[in-house]
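Chain residues, written in single-letter form:
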Amino acid sequence: MASPRGRAWVLGLTLLPVTALSGLGLRPAAAQERTLLEETFGGKEPGSRPGPWVYFADEGNEAVVAEAPDLPGSCLRLTRSGGTVWKPMVSGWASGEADSPLQLELDWYLPALSEGEDPVLFVTIRGDGNIGTVTVALGGPGGVAVPQGGGEWAPLGFPLRAGVWGRLVVKTDPISRRAEGAFDVTVSQGDERAEYPNIPFRPNWQGDHAAELWHSPTFQVGGGSPERPREAHLRNVKLSTASPREFR
């Protein structure tokens with residue numbers, strides 16, 4: 001298995017490789033995990049939209065249960081060929097844990113990567129309704145990216161591949177930490193695995209940070225056209241409370 005990869009710049013901060021931080025002794029006592037939301041999409045009827053998820057898809061776009069590519073069982077498939085900026089979108093309801101560290105984990109599959117500047121799949125933990133406090137983008141330049149100022153993306157340099165299942169784990173500070181909060185990203189695909197710690201929480205366009213967990217997590221597909229639709233597949237999604245992050 002590959003070792004954690006090197007440095008990436010995000011919001012002017014250096015994301016050090018995990019191996020450079022492991023000797024700091026920051027090992028908080030583990031807290032009892034409590035699952036807030038969990039869905040494998042296995043055994044669900046193809047073409048259905050099972051709860052507790054909320055689905056938004058306009059004409060030409062789709063968000064439904066489908067057969068998982070290259071694996072037995074089902075997954076959630078999001079397809080975009082145009083329409084509004086934020087559809088298709090699927091959100092899972094979770095709230096009331098503003099002071100708890102959180103962990104979001106999921107398996108993802110992209111049949112094709114972006115040929116432009118915009119990513120394919122956006123994974124977000126939202127607070128206060130519509131503030132995307134934590135966002136990770138997959139399938140664009142740099143493979144995996146996180147937002148920085150001006151609507152741009154900071155690539156993390158992970159060697160992401162199309163047509164191969166991968167796993168994403170995001171561990172965050174409590175939403176109530178607001179501008180002082182941060183999150184860690186772990187991404188793996190095949191034999192490649194990397195961790196990127198201490199990525200700052202993102203404010204909204206007005207500069208506001210969320211103070212409570214609300215309507216989260218959220219998945220969206222960007223770009224696409226009728227001639228070249230974009231597609232993303234998800235399964236084994238879990239959002240839970242967690243012990244505090246080790247990296248500060």
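Structure first, text after, so check above.
About the cut-offs
Residues numbered from 1 in each chain as written. Predicted model: local features only at pLDDT ≥ 70, side-chain atom pairs only at ≥ 80, totals over all residues. Heavy atoms only, no water. Salt bridge = Lys/Arg side-chain N within 4 Å of Asp/Glu carboxyl O. Helix = DSSP H or I, 4+ residues; strand = E, 2+ residues; numbered from the N terminus. Buried < 20%, exposed > 50% of the residue type's maximum accessible area, 1.4 Å probe, protein only. Lys, Arg positive; Asp, Glu negative; His and termini not counted. Contact = heavy atoms within 4.5 Å. Pairing = 2+ DSSP bridges. Axes fitted to C-alpha atoms, helices over the stretch in contact; angles between N-to-C directions. 1 Å grid on protein atoms, 1.4 Å probe; cavity = no way out; pocket = protein on both sides within 12 Å on 5 of 7 lines; lining within 4 Å. Points joined across faces, edges and corners; volume = space filled by probe spheres on them. Nonpolar A, V, L, I, M, F, W, Y, C, P; charged D, E, K, R; others polar.

(A) Quick peek at the pattern of salt bridges. For the structure shown, the criterion picks out 12 salt bridges. The salt bridge involving Arg 245 is made with Asp 184; its shortest N-O contact spans 2.6 Å. In this pair, Arg 245 is assigned in the segment after strand 17 (230-241) and Asp 184 in strand 14 (residues 182-189), connecting sequence segments 61 residues apart. Taken individually, Arg 245 and Asp 184 each receive the classification buried, so the pair is uniform in this respect. The network of salt bridges with shared partners includes Asp 173, Arg 177, Asp 184 and Arg 245.

(B) Fine view of the side chain of Lys 87. Topologically, Lys 87 is positioned in the loop between strand 6 (74-80) and strand 7 (89-92). Despite its burial, Lys 87 remains without a salt bridge, the nearest opposite charge being carried by Asp 58 at 4.7 Å. Ignoring anything within four residues of it in the chain, the contact list for Lys 87 reads Phe 56, Ala 57, Asp 58, Asn 61, Arg 80, Gly 82 and Val 221.

(C) Layout of the sheet that holds strand 10 (residues 131-140). Pairing is antiparallel in the open sheet, where seven strands are placed in the order 4-7-16-9-10-11-12. At either end of the open sheet lies a strand with only one pairing partner, and these are strand 4 (53-56) and strand 12 (153-155). The mean angle between the axes of side-by-side strands here comes to 20°, regardless of whether they run parallel or antiparallel. Sheet topology note: the strand 7/strand 16 (residues 218-221) ladder contains three bridges and is antiparallel.

(D) Inspection of the layout of surface pockets at higher detail. In this structure, the largest pocket spans a volume of roughly 660 Å³. Taken together, 21 residues form the lining of the largest pocket, with Arg 126, Asn 130, Gly 132, Arg 202 and Gln 220 sitting closest to its centre. Mapped onto the lining of the largest pocket, the elements with two or more residues apiece are strand 9 (121-127), strand 10 and strand 16. If you tally residues by element for the lining of the largest pocket, the top one is strand 9, at three residues. Here the lining of the largest pocket is composed, by residue class, of nine nonpolar, eight polar and four charged.

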